[in-house]
Number of protein chains: 2
Amino acid sequence: MKKSVFYHAGCPVCVSAEQDIINLIGAENVEVVHFGEDGGRIEEAEKAGVKSVPALVTPNGNVLHINFGASMADVKA
Amino acid sequence: MKKSVFYHAGCPVCVSAEQDIINLIGAENVEVVHFGEDGGRIEEAEKAGVKSVPALVTPNGNVLHINFGASMADVKA
């Protein structure tokens with residue numbers, strides 16, 4: 001199965017959701033992207049439809065915005 | 001593993017998220033509760049911390065609000 005991608009920015013809400021998602025779908029099924037470490041992927045996330053973090057992009061391209069940590073505008077600020 | 005519980009109210013955002021969650025974590029790992037069919041469980045969801053639907057309550061009790069379909073106030077209206 002293609003992996004899901006979990007985008008986040010290291011905020012407490014993000015980290016908590018990351019643990020929950022890994023527990024639910026398995027670390028092997030999700031790629032974790034931290035914008036603070038990998039800012040070059042912000043554009044990719046926005047093209048996928050990510051409006052805020054944390055967000056999970058599923059293998060079929062749907063975006064699940066999970067709780068609310070920060071907007072993408074905040075991430076880029 | 002204890003099941004997660006996915007609460008929703010039948011809105012398009014809810015149904016789309018339901019399919020994504022089932023694909024990601026497996027139908028056998030999630031109990032789906034539709035408030036339109038099972039309004040008696042609204043109180044349980046609110047006690048768990050659900051503020052809007054769709055929402056997933058994980059086996060360890062964390063609440064993941066996924067995208068936004070409707071507030072619990074809307075659900076009860």
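What counts and how
- Residues numbered from 1 in each chain as written.
- Chains lettered and ligands numbered in written order.
- Predicted model: local features only at pLDDT ≥ 70, side-chain atom pairs only at ≥ 80, totals over all residues.
- Heavy atoms only, no water.
- Least-squares fit on C-alpha atoms with pLDDT ≥ 70 in both.
- Contact = heavy atoms within 4.5 Å.
- Disulfide = S-S within 2.5 Å.
- Buried < 20%, exposed > 50% of the residue type's maximum accessible area, 1.4 Å probe, protein only.
- Buried area = accessible area lost by both parts, 1.4 Å probe.
- Salt bridge = Lys/Arg side-chain N within 4 Å of Asp/Glu carboxyl O.
- Helix = DSSP H or I, 4+ residues; strand = E, 2+ residues; numbered from the N terminus.
- Nonpolar A, V, L, I, M, F, W, Y, C, P; charged D, E, K, R; others polar.
- Expected span 1.5 Å × (residues − 1).

1. Description of the relation of the copies chain A and chain B
For the pair chain A and chain B, the superposition axis carries a translation of 0.0 Å, the fit reaches an RMSD of 0.0 Å, and the rotation angle comes to 180°. Seen this way, the second copy is the image of the first under a two-fold rotation axis. For chain A, the residue whose C-alpha comes nearest the rotation axis is Ile66(A), separated from it by 2.3 Å. By residue overlap, the copies meet face to face through one surface: 100% of the interface positions of chain A are interface positions in chain B.

2. Let's talk about the state of the cysteines
All names here are of chain A. Evaluation of the coordinates by the stated rule reveals 2 disulfides over all chains. Across a sulfur-sulfur distance of 2.3 Å, Cys11 and Cys14 are joined as a disulfide pair. On the S-S bond that ties Cys11 to Cys14, the torsion sits near 65°, and the link is right-handed. A relative accessible area of 0% means that Cys14 is categorised as buried.

3. Some words on the interface of chain A and chain B
Opposite the 18 residues of chain A that make contact, chain B presents 18 residues. Together, the buried faces of chain A and chain B total about 1300 Å²; carbon and sulfur atoms form 55% of this surface. When residues of chain A are sorted by the area they lose upon contact with chain B, Asp20(A), Leu24(A) and Leu64(A) head the list and together hold 42% of the total. The tally of links between chain A and chain B comes to 0 salt bridges. Of all the secondary structure elements, the ones that give two or more residues to the side of chain A that touches chain B are α1 (12-25) and β4 (63-71) of chain A. The element best represented in the side of chain A that touches chain B is α1(A), accounting for 7 residues. Taken together, the residues of the side of chain A that touches chain B sort by class into 9 nonpolar, 8 polar and 1 charged.

4. Section: helix α1 (residues 12-25) of chain B
All names here are of chain B. Between the first and last C-alpha of α1 there are 20 Å, a value that for 14 residues agrees with the 20 Å anticipated at 1.5 Å per step. The complete set of buried residues in α1 reads Cys14, Ala17, Glu18, Asp20, Ile21, Leu24 and Ile25. Immediately beyond the C-terminal end of α1, within one or two residues, lies Gly26, with a positive phi of roughly 90°.

5. What about unusual backbone geometry?
A cis geometry characterises the amide bond from Val53(A) onward to Pro54(A), with omega recorded as 0°. Positionally, Pro54(A) belongs in strand β3 (residues 52-57). The backbone of Asn67(B) shows a phi angle near 50°, a positive value even though the residue is not glycine. Counting through the fold element by element, Asn67(B) comes out in strand β4 (residues 63-71). Since its relative accessible area comes to 25%, Asn67(B) is described here as partly exposed.

6. Some points on the pattern of salt bridges
Residue and element names in this part refer to chain B. Scanning the model with the defined rule gives 8 salt bridges over all chains in all. Note that Glu43 is salt-bridged to Lys47, the shortest N-O span being 3.3 Å. Here Glu43 and its partner Lys47 are both found in helix α2 (residues 42-48), 4 residues apart, which amounts to about one turn of the helix. We classify Lys47 as exposed; its relative accessible area is 68%. Between Glu46 and Lys76 there is a salt bridge, and its shortest N-O distance comes to 2.8 Å. Here Lys76 lies in helix α3 (residues 72-76) and Glu46 lies in helix α2, a separation of 30 residues in the sequence. For Glu46, a relative accessible area of 32% corresponds to the partly exposed category.

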